[in-house]
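Take a look at the letters that make up each chain.
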Amino acid sequence: MADRLPERLGWSSFFADQLAADEAALSPARVDAVHRGRLTALTVAGQIEITLPARDDTSQYAVGDWVLADPVTGALHRRLERKALLQRPGEGRRPTQLVAANIDTLFIVASCNADFNIARLERYLAFANDAGTEPVIVLTKADTADDAAAFEQQAAALQRDLPVVTLNARSADAVVALSPWCGAGATVALVGSSGVGKSTLVNTLVGVAWGERQLTGGVREADAKGRHTTTSRSLHAMQGGGWVIDTPGIRTLHLKDMAEGLDILFAEITELAPSCKFRNCTHDHEPGCAVRAAVAAGTLDPERLARWRKLQTESGGGR
Ligand SMILES: Nc1nc2c(ncn2[C@@H]2O[C@H](COP(=O)(O)OP(=O)(O)O)[C@@H](O)[C@H]2O)c(=O)[nH]1
Ligand SMILES: [Mg+2]
Ligand SMILES: [Zn+2]
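The paragraphs below set out a description of the structure included in this document. Throughout, residues of each chain are indexed from 1 in the direction in which the sequence is written. For this description, chains carry letters from A and ligands carry numbers from 1, given in the order in which they are written. pLDDT decides what is reported in this predicted model: residues at 70 or higher carry local features, side-chain atom pairs at 80 or more are listed and counted, and totals for whole chains, interfaces and linings draw on all residues regardless. Hydrogens and water molecules were not included; the side-chain quantities draw on all heavy atoms of the structure.

1. Looking at the site of ligand 1
Point 1. Whether a residue is near a molecule or strand is decided by its heavy atoms; if any one of them lies within 4 Å of it, the residue is near. Around ligand 1, 17 residues are found, and the nearest of them are D143, A169, G195, K198 and T200.
Point 2. Within the backbone of K141, a nitrogen or oxygen atom sits 2.8 Å from an oxygen atom of ligand 1.
Point 3. Within the side chain of T200, an N or O atom sits 2.5 Å from an oxygen atom of ligand 1.
Point 4. For the accessible areas, the method is Shrake-Rupley and the probe is 1.4 Å, while residue cover comes only from the protein chains on display. In isolation ligand 1 exposes 580 Å². Once the protein is present, 75% of that is buried.
Point 5. Under the scheme used here, helices are H or I runs from DSSP no shorter than 4 residues and strands are E runs no shorter than 2 residues, and both carry numbers assigned from the N terminus. Per-element tally for the shell around ligand 1: the top contributor is helix α5 (residues 198-206), with three residues. Counted as a polar contact is a pair of N or O atoms within 3.5 Å, where, for protein atoms, one must be capable of donating a hydrogen and the other of accepting one, and residues adjacent in sequence contribute only when both atoms are in side chains.

Right, dumping it as structure tokens:
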């Protein structure tokens, strides 16, 4: 049976292990589009319409979700537990919106030019860490930069073991550069400011020929107002065998409750804190502060500490 399960759609033991004995006859299906009133999903046999129970509404589902459905009627049985979830806090009193689920890698896209902004990249990193995805920094427009390596170095310093790739999003070489994260069954999503090249990169990874681009509406951002307003997100097959999810919504990030994401991002600060004299040290004015001692010793960048403090406050303050 295992060989007939949809690994190429991103299925893995994480999901298979959730199946109960009496669920063997159901089809695992991966949500590829969330519309206002309905869901579609991909199975090994192709795309199906999912019929939701009356009590559910589509806002409870995200593109990338795995669900179990009746293979004949498409009736939803249940959603499987998520490996990762990108959420967007609603502005004001609006509820949190689900953006995409079960993403392995989040490409944080920025350009090798004056728009490159360390603090913004750190926000995206905290967001990726907190969502349970692996961040990769993708620096576009390397073809127009005098010194792309300088941008690359700055980005790589932001988090331990952080992959950074510089490329030209318009070139097919980008497919090769990003291939470690785009292989069979892998799922990626892109975030980044407007104009950095996200749509260009999606087109390159999907491999739509230039002439066809205008016709393949699904590849364009769904927030472009027009034909795609009913489809909030969608899943596209990449040339490498993986899947890319359009995430048009994530522009401004509000970092609420991201303590865990910040701890990973600022590991060098997180690891010093237990050496501070006071357990609840804010690394601001307390005596015996190991973090400020590191700044004084020149081993910790004071600006990095300042940015940590700002994000920490925004995320909901204390430890
Ligand atoms: N030279 C160059 N231009 C790029 C690159 N990536 C994107 N662009 C251009 O930058 C503009 C904005 O790209 P777009 O994909 O719409 O950005 P998005 O807002 O992040 O989706 C377009 O004119 C692209 O052709 C790149 O790597 N090199
Ligand atoms: Mg775009
Ligand atoms: Zn301290």
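Anyway, onward from the coordinates.
2. A word on helix α9 (residues 302-315)
Point 1. Multiplying one less than the number of residues by 1.5 Å gives the expected span of a helix. With 14 residues, α9 should reach 20 Å at 1.5 Å per residue; the first-to-last C-alpha distance of 20 Å fits that figure.
Point 2. Should any heavy atoms of two residues lie within 4.5 Å, those residues are counted as being in contact. Buried-residue contacts for α9 involve α2 (118-131), α6 (259-265), α7 (267-272) and α8 (290-296).
Point 3. Of the residues trailing α9, G316 is marked for its positive phi of about 125°.

3. Side note on the side chain of T133
Point 1. Tracing the sequence through the fold places T133 in the loop between α2 and β9 (134-140).
Point 2. Judged by its relative accessible area of 4%, T133 is buried. Relative accessibility decides the category of a residue: with a 1.4 Å probe and only protein chains considered, values under 20% of the type maximum give buried, values over 50% give exposed, and everything between is partly exposed.

4. Section: the packing of aromatic side chains
Point 1. Classification of ring pairs rests on two measures: the distance between centres of Phe, Tyr or Trp rings, Trp counted by its six-membered ring, which must be within 6.5 Å, and the angle between planes, read as stacked under 30 degrees, edge-to-face over 60 and tilted in between. By the definition in use, this model includes six aromatic pairs.
Point 2. Aromatic side chains W11 and W66 sit 4.8 Å apart centroid to centroid with 75° between the ring planes, which places their arrangement in the edge-to-face category. Here W66 lies in strand β4 (residues 66-69) and W11 lies in the segment before α1 (13-16), a separation of 55 residues in the sequence.
Point 3. By relative accessible area, which is 3% here, W11 ends up buried.
Point 4. Judged by its relative accessible area of 0%, W66 falls in the buried class.
Point 5. These aromatic residues form a ring-pair network of at least three members: W11, F14, F15 and W66.

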